[in-house]
Amino acid sequence: MHLLFVTSLVPDGKPTTGYEIANAAIIDGLVRAGIHVTVLGFIWPGSSPSDPDNTIVLGEVDVRNDTASLTQKLRWLGKALVTGLTVSSVKLRIISQDKLRAAIGSSGNFDAYVLNGVTLSGAFEGCFADKPQIFIAHNVEHHSAWENAQAATSLVQKILFRRESRLLAGLEGRLCRRASFVFTLAEQDIKALGLADTGRAAELPLVTGADTGKMAHRKIEHDLGLIGTWTWQPNRIGLEWFLREIAPHLDKDIGITVAGSIPADLKAAWPNVNFAGRVPDAVEFVRSCALIPLVSRAGTGVQLKTIETFEMGLPSVATSLSVRGIASIPENCAVADDPQAFAKAIGAMVARVRAGEDLTCSGEAFRAAQLARFDSQLRLGLDALGASLGRVGP
């Protein structure tokens, strides 16, 4: 079977965001299943596809809000209002539909589309109706947009996020109805998308490919380490909750280090926190931390940072949302949603590490279980697609 994997960003071998890590895991799984995969999408400026022989690049694009100028943001917004598209999709309207169709035609005789997320699918919705589809819902995007609206402090932001939520609800509904099969990254999202008991949906337990070989004999340089793209609103909501609700209950000698892209106003609001910015090696950073707080409070889908932490065998304290979709939670992870209970769990674990106890554990069993379930779940969707195509096997 030959599938055209339609994604906003093609893999470049240097995945940094949860979306890119998930994409790599899904493509690897399809290849493991014996599928011929051709990837079609845009690429980060200055990057090259990791598998050029099986990739069709539509052009270079930078969709990040935090690096975009005010003029660019207003241009995106204006174009979204004129076209009736979401802002996230309109960012990819840098080529014509004719050019996209020509690119699709250059992929040869493929059997079906894998529509990876809503962004590119929504930007050119009419271009993928000629063949059967699998839809991969990384999140329940309309729900996340609504949460962003609820958390926004600006009236304008609230209005814009509510608009995104309304448009995304319609788009996700259409994509789910058209698809031969739908994959989510968390089981709870199947119900949220209205697909429970349909037999047309399954969740994919992911792995991140984290290097687990470096965890032994690690040198602790930070008490608490958080790393992520904090300019993304659901991540920011969790970080702000941690700093506002958890940090005041921690012992004063417990240090907090936050790595990754940080909004300037967060730095100003919490001057006592060590904001490290982008670090040269994410694995080296987390292995130098006594404990990883997993602080998701908004969003849907699975938390890739949680999976990475569990694969590495690192000790953690997590919110219940951070471990959604995880079938087996390691013994060195404490789960708490109450701020004082969360802070108490942190204090107890940090004290044990400072006393010389090694709280790391092997993540190999967790990774093996995730991979085995991924492959079996993926087979469900491929078999359903094969049935719609009138064939058996890959």
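Our subject is the structure that appears above.
1. Let's talk about the nonpolar core
One finds Leu 3, Phe 5, Ile 26, Leu 30 and Leu 206 to be the most contacted residues of the largest nonpolar core, which totals 46 residues. The dominant element in this core, judged by the number of residues it contributes, is helix 1 (residues 18-32), at six residues. Counting residues in hydrophobic clusters, the runner-up holds 37 residues, among them Leu 4, Val 6, Leu 92 and Phe 135.

2. Let's talk about unusual backbone geometry
The phi angle at Asp 197 is positive, at roughly 65°, despite the residue not being glycine. Looking at the element boundaries, Asp 197 is found in the loop between helix 8 (188-192) and strand 7 (201-203).

3. Concerning the packing of aromatic side chains
Taken as a whole and assessed by the stated rule, the structure comprises six aromatic pairs. Judged by centre distance (5.4 Å) and plane angle (80°), the ring pair of Tyr 113 and Phe 128 falls under edge-to-face. Of the two residues, Tyr 113 is situated in strand 4 (residues 112-116) and Phe 128 in the loop between helix 5 (119-123) and strand 5 (133-137); the sequence distance between them amounts to 15 residues. Overall, the relative accessible area of 0% leaves Tyr 113 in the buried class. Between Phe 242 and Phe 342, the aromatic rings sit 6.4 Å apart at their centres with planes inclined by 70°, giving edge-to-face as the arrangement. Taken together, the residues Phe 242 in helix 9 (residues 233-246) and Phe 342 in helix 13 (residues 339-354) connect sequence positions 100 residues apart. The exposure class assigned to Phe 242 is buried, which follows from its relative accessible area of 0%.

4. Observations concerning the packing of helix 6 (residues 141-151) against helix 7 (residues 155-178)
Helix 7 packs onto helix 6 with a crossing angle of 170° between their chain directions and a minimal axis gap of 8 Å. When the axes of helix 6 and helix 7 are compared, the pair comes out roughly antiparallel. Contact residues: Glu 141, His 142, Ala 145, Trp 146, Asn 148, Ala 149 and Gln 150 in helix 6; Lys 158, Phe 161, Arg 162, Glu 164, Ser 165, Leu 168, Ala 169 and Glu 172 in helix 7.

5. Considerations on empty space enclosed by the protein
The full count for this structure, using the stated rule, is two cavities of 30 Å³ or more. What lines the second largest cavity is Leu 115, Ser 121, Glu 125, Phe 128, Gln 133, Leu 175 and Arg 178. Each residue belonging to the lining of the second largest cavity can be placed in one class, and the counts come to three nonpolar, two polar and two charged.

6. Some words on the sheet that holds strand 11 (residues 289-294)
In spatial order, the strands read 10-9-8-11-12-13; together these six strands make up an open sheet with parallel pairing. Each having just a single partner strand, strand 10 (274-277) and strand 13 (333-335) make up the two edges of the open sheet. Neighbour-to-neighbour, the strand axes of this sheet turn through a mean angle of 25°, independent of strand direction. Judged from the two bridges that link them, strand 8 (residues 222-227) and strand 11 form a sheet pairing that is parallel. Residue pairing in the sheet places His 222 in a bridge with Cys 289 of strand 11. Packing of helix 12 (residues 304-312) onto the sheet brings it into contact with strand 8, strand 11, strand 12 (316-318) and strand 13, and relative to strand 11 it is tilted by some 145°.

Each value, and the rule that gives it
Residues numbered from 1 in each chain as written. Predicted model: local features only at pLDDT ≥ 70, side-chain atom pairs only at ≥ 80, totals over all residues. Heavy atoms only, no water. Core = buried A, V, L, I, M, F, W, Y, C linked by side-chain atoms within 4.5 Å. Buried < 20%, exposed > 50% of the residue type's maximum accessible area, 1.4 Å probe, protein only. Helix = DSSP H or I, 4+ residues; strand = E, 2+ residues; numbered from the N terminus. Phe/Tyr/Trp six-rings, centres within 6.5 Å; stacked < 30°, edge-to-face > 60°. Axes fitted to C-alpha atoms, helices over the stretch in contact; angles between N-to-C directions. Parallel < 35°, antiparallel > 145°, perpendicular 65-115°, else oblique. Contact = heavy atoms within 4.5 Å. 1 Å grid on protein atoms, 1.4 Å probe; cavity = no way out; pocket = protein on both sides within 12 Å on 5 of 7 lines; lining within 4 Å. Points joined across faces, edges and corners; volume = space filled by probe spheres on them. Nonpolar A, V, L, I, M, F, W, Y, C, P; charged D, E, K, R; others polar. Pairing = 2+ DSSP bridges.

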